[in-house]
Every structure is written in C-alpha cells, then in structure tokens.
Amino acid sequence: MPGCFKKTLFALASLVSFVSFLLIVVSMGTPKWMTGKILCKTGADLVNATDPELVKFIGEIYYGLFRGGKIRQCGLGGRRSKFTIFPHMVKKLNTGLHVMIIMFLCVAIFFSLVSFGFCILNAIKVPYRAIKGPAGVCLWNFIAGGFIVLAVTSFMAAVKLHHHTERIANFQENVFQFVTLEERFEDCFWLCVASATAHAVNLLLITISGIHFPKIKTKTEEANVTAEDIMY
C-alpha cells in the first residue's frame, strides 16, 4: 500500500486530470474561441466612408471549432446570423488543419481519462508493472499535455497564418467583402491552455511523489535507542 503522502498526491493528481478533461470538453463545445471585428470593405468603398463613418461598417464575429456567429454592418444596420463549421464551411478553410485540431483534442481527452484512472490506481495500491505506476502516469500526462499544445498551436497558426477569421467572415458572401480589423482569443481558447498547464502540474506532483524524504525520529525513539546502546 502507498504511504499517506503518496496517496494524497495521487488523489490530487487524479482530480487535476479530471478537471483537465472537463476543461477540454467545455472548450470544444462552446463557440467562443475567437472574437473579432470585421469591416465591410465593399460598403465602405462604395460610399467612400471616412474614419467617423467607418463605425457603420464595422461588425463583429465569433466562432469556435464547430459553430459561431457574426453581425454584418454594411451601412444599413446590423444583421445577426449564425453558422456551423461543418459540413460546408470547413471546405473553405484549411480543412486538414481544422480537423487535426479536433483530433488532437480528442486524443488529449482520452489520455486525460487514462491519467485519471491510473492516478486512482496508484492512490489505492502500488502497481507491480512500471507502466501502471508513476512512470506510466507521467507518460499519459505528457502525451495529453503534448496533444493539447499541438491543438492550441495549430489553432493559432490557422488564425494568424491561414486567415481563419477572414475566410469565415466571407463564407457565402457574394456581394460584400469583409476584412479583419481585430482578433482576440477568448476564454474557451484559454481553457485549453489551462488544461495543458494542469497536466504540467500533474507531472510536478508525480515527480514529488517519487522523492524519498528522510524519516524524522521522535525524541522517544531517540531515547529508546540510546538506552539500548547503553545496555549493550
């Protein structure tokens, strides 16, 4: 049986793994990974809008991995609309990259649950196989955290290098052309970053659990040892 200190650390690590799992699931299901401001360039050019008048042509957009929405401002008031990424819009994006982001997060979910299970196992008993022990837990956390980092990095590349926001804003727009004025990563994106951080914390906890701290002898024990030494 593991000691009380190790039990506490593995119990805490299992909790962290489960929280990481929840963070990824929530972030994937919500539509606000990115928000931004979009300018209706066609409308602004038609009326030769100056800086004070550009406000009438600046709309908003938000989106996640599966859905989003936007407010079109083309000089005649705002028009709200919602959209889904699948199955049609994704063809206008970098399809492979977008699907990879989702797959990375799905793999991270799986290994977060694996880490959760093995942390509970290590809190209950000492496994006889190394892969089920602290080394295995470290491996599962490293893999889960690594895939989350890949997903976050890929999403940032899609936004900054492949102009994700602008492509989404111009989807099925035959008359008006929109350009991106401002982009901002929102809470759902940072939830994934927090999930990766949680796995890094787990690695630290498991490392600490492997440290053998010296036992502190009480005064009574020291006195008994001294008495026995004197007798002999």
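Reading the values: the criteria
- Residues numbered from 1 in each chain as written.
- Predicted model: local features only at pLDDT ≥ 70, side-chain atom pairs only at ≥ 80, totals over all residues.
- Heavy atoms only, no water.
- Phe/Tyr/Trp six-rings, centres within 6.5 Å; stacked < 30°, edge-to-face > 60°.
- Helix = DSSP H or I, 4+ residues; strand = E, 2+ residues; numbered from the N terminus.
- Buried < 20%, exposed > 50% of the residue type's maximum accessible area, 1.4 Å probe, protein only.
- Lys NZ or Arg CZ within 6 Å of the ring centre and 35° of its normal.
- Pairing = 2+ DSSP bridges.
- Axes fitted to C-alpha atoms, helices over the stretch in contact; angles between N-to-C directions.

Colleague: Hey, could you go over the packing of aromatic side chains for me, with residue numbers and the actual values?
Modeller: Following the criterion strictly, the structure yields 14 aromatic pairs and no others. Both rings, one in Phe-155 and one in Phe-189, keep their centres 6.0 Å apart while their planes meet at 35°; by these two values the pair is tilted. Taken together, the residues span a long stretch of sequence, with Phe-155 in helix α4 (residues 134-160) and Phe-189 in helix α6 (residues 187-209) at a distance of 34 residues. Phe-189 carries the same exposure label as Phe-155, and that label is buried. Measuring from centroid to centroid gives 5.0 Å for Phe-189 and Trp-190, while their planes differ by 80°, and the two rings are edge-to-face. Residue placement shows Lys-32 over the ring face of Tyr-62; its charged tip is 5.3 Å from the ring centre.

Colleague: Can you lay out the sheet that holds strand β1 (residues 34-40) for me, pointing to particular residues and giving the numbers?
Modeller: Spatial strand order, β4-β3-β2-β1-β5: 5 strands in an open sheet with antiparallel pairing. The open sheet is flanked by β4 (78-84) and β5 (178-185), the only strands paired with a single partner. Ignoring strand direction, the axes of neighbouring strands in this sheet form an average angle of 20°. In this sheet, strand β2 (residues 58-63) lies alongside β1 in antiparallel orientation, the contact comprising 6 bridges. Looking across to β2, one finds that Lys-37 is bridged to Glu-60.

Colleague: Describe the environment of Lys-125, listing the residues and the values that go with them.
Modeller: Within the secondary structure layout, Lys-125 lies in the loop between α3 (95-124) and α4. In this structure, the C-alpha to C-alpha distance between Lys-125 and Lys-7, residues 118 residues apart in sequence, is 8.9 Å.

Colleague: Tell me about unusual backbone geometry, and please be specific about residues and values.
Modeller: Each neighbour pair has its own omega, and for Phe-86 with Pro-87 the value is 5°, a cis peptide bond. Of note in the backbone geometry, Gln-172 takes a positive phi value of approximately 60° without being a glycine. Secondary-structure assignment places Gln-172 in the loop between α5 (164-169) and β5. You can call Gln-172 exposed: its relative accessible area is 64%.

Colleague: Quick rundown of the pairing of strand β3 (residues 67-73)? Include the residues and the values.
Modeller: Side-chain direction in a regular strand flips from residue to residue, so the side chains alternate between the two faces of the sheet. The element β3 is extensively covered by neighbouring structure, given that 5 of its 7 residues are classed as buried. Between β2 and β3, which pair antiparallel in sequence order, lie 3 residues. Bridge analysis of β3 against β4 gives 7 bridges, and the strand direction is antiparallel. What sits directly across from Gly-69, in β4, is Lys-82. Taking the residues between adjacent antiparallel strands as the criterion, β3 and β4 are bridged by 4 residues, where Gly-75 takes a positive phi near 95°.

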